[in-house]
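So the chains spell out like this:
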Amino acid sequence: MIPSVVLYAIAVALAILLAACVVLAYILTAQPAARPAAPPPAAPPPQKQQAAGSGETGGSQKPQRGAGAAAPSEAREPQITDVKVYTFTPEVLRKCGVGSAAWYYYFNITVERFTAGDPVYPTHFRALTPEGPGDLNYPSHPAILEEYYFPRYNESSLNRTGVINVYAGLQSSVQLDITYIEYRGRQYRISDSNKFFVVCIGKGILLKTDNTILRPLHMPQWSLGLLPADRRYTIVVYLPRGRYEVRGPSGVAVEQQVVEGGRNVTVVLRFDNKPLAYDELVIEFRKAG
């Protein structure tokens, strides 16, 4: 039989062991589970180097627009970039059979337009003169509109943006000194180098050499009618062998004053910037010594 002292010692040992197990269980359940360590932050991507003198920035970030800067889509006002004006005197018009005692002015106005809806009708333009303003209109003079160098206003060709040409006319009972064109509240000064007179050739061109009439190989479109004085005009003719001096009437400059015959010869003419009128334009080829 086990003595009571031994049983008491065993009971104490079991009590101590049980207490130790309880304390260990408490420690394990009270401690939170360990979290895995967070990975280190990723390194930022390398910045794109900005080229010297370029407007490109690194990445896809767009530069901030400064306060007060205009938006890229903001519409721009149309503006006149050039004006040419051609003067038809009453004498020139009568010589070409128009029979008008009035002065007529034809305008070729170059406009840069950024919005197709901006109006460019001739009635939106005004000619400014010391005598007062004059409202432009559609070119309507019959004799002028039949000519190659003075186109009609064509609205269908102006339904676009960019650089366009507007053709307009103005008739006056007196001569005008047109200095400015006004369009949508803005004024454009017409330089003297852009003002031209118009020449009339009545019956046509006559080419002569030693009292012999020559037949042009190329009869130009400008052989009759109203011609602007700011152009160069050509005639092609066959000349017999020899050396010729080329002469035109007063007011006509001939670029080739001496030509060689025995072949087709091209003659280039230019009119003085004056209101010239010819019943017949005679160009002579005289044998040179």
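One can find the structure itself at the top, above this paragraph.
Not measured: the values here are computed from a predicted model. (Residues numbered from 1 in each chain as written. Predicted model: local features only at pLDDT ≥ 70, side-chain atom pairs only at ≥ 80, totals over all residues. Heavy atoms only, no water.)

Honestly, the sheet that holds strand β17 (residues 263-271) in this entry has me stumped. Any pointers?
Strands belonging to one sheet form pairs held by backbone hydrogen bonds; the direction of such a pair is parallel or antiparallel. Overall, antiparallel pairing links the four strands, which are arranged β11-β13-β17-β15 in an open sheet. Lying at the two open borders of the sheet, with one neighbouring strand each, are β11 (216-218) and β15 (252-254). When the angles between neighbouring strand axes are averaged without regard to direction, this sheet yields 40°. Pairing between β15 and β17: three bridges, direction antiparallel. Bridged to Val252 within β17 is Phe271. (Pairing = 2+ DSSP bridges. Helix = DSSP H or I, 4+ residues; strand = E, 2+ residues; numbered from the N terminus. Axes fitted to C-alpha atoms, helices over the stretch in contact; angles between N-to-C directions.)

When you look at the state of the cysteines in this model, what are you seeing that I'm missing?
In protein structure, a disulfide is the covalent linkage between the sulfur atoms of two cysteines. Using the criterion set out here, one finds one disulfide in the structure. In this model, Cys96 is linked to Cys200 through a disulfide, with the two sulfur atoms separated by 2.0 Å. Negative torsions about the S-S bond denote left-handed disulfides, and the value of about 115° found for Cys96 with Cys200 makes this one right-handed. Linking Cys96 in the loop between α2 (90-95) and β2 (103-113) with Cys200 in strand β8 (residues 195-201), this pair joins segments that are 104 residues apart in sequence. Since its relative accessible area comes to 23%, Cys96 is described here as partly exposed. Its relative accessible area of 0% is what places Cys200 among the buried residues. (Disulfide = S-S within 2.5 Å. Buried < 20%, exposed > 50% of the residue type's maximum accessible area, 1.4 Å probe, protein only.)

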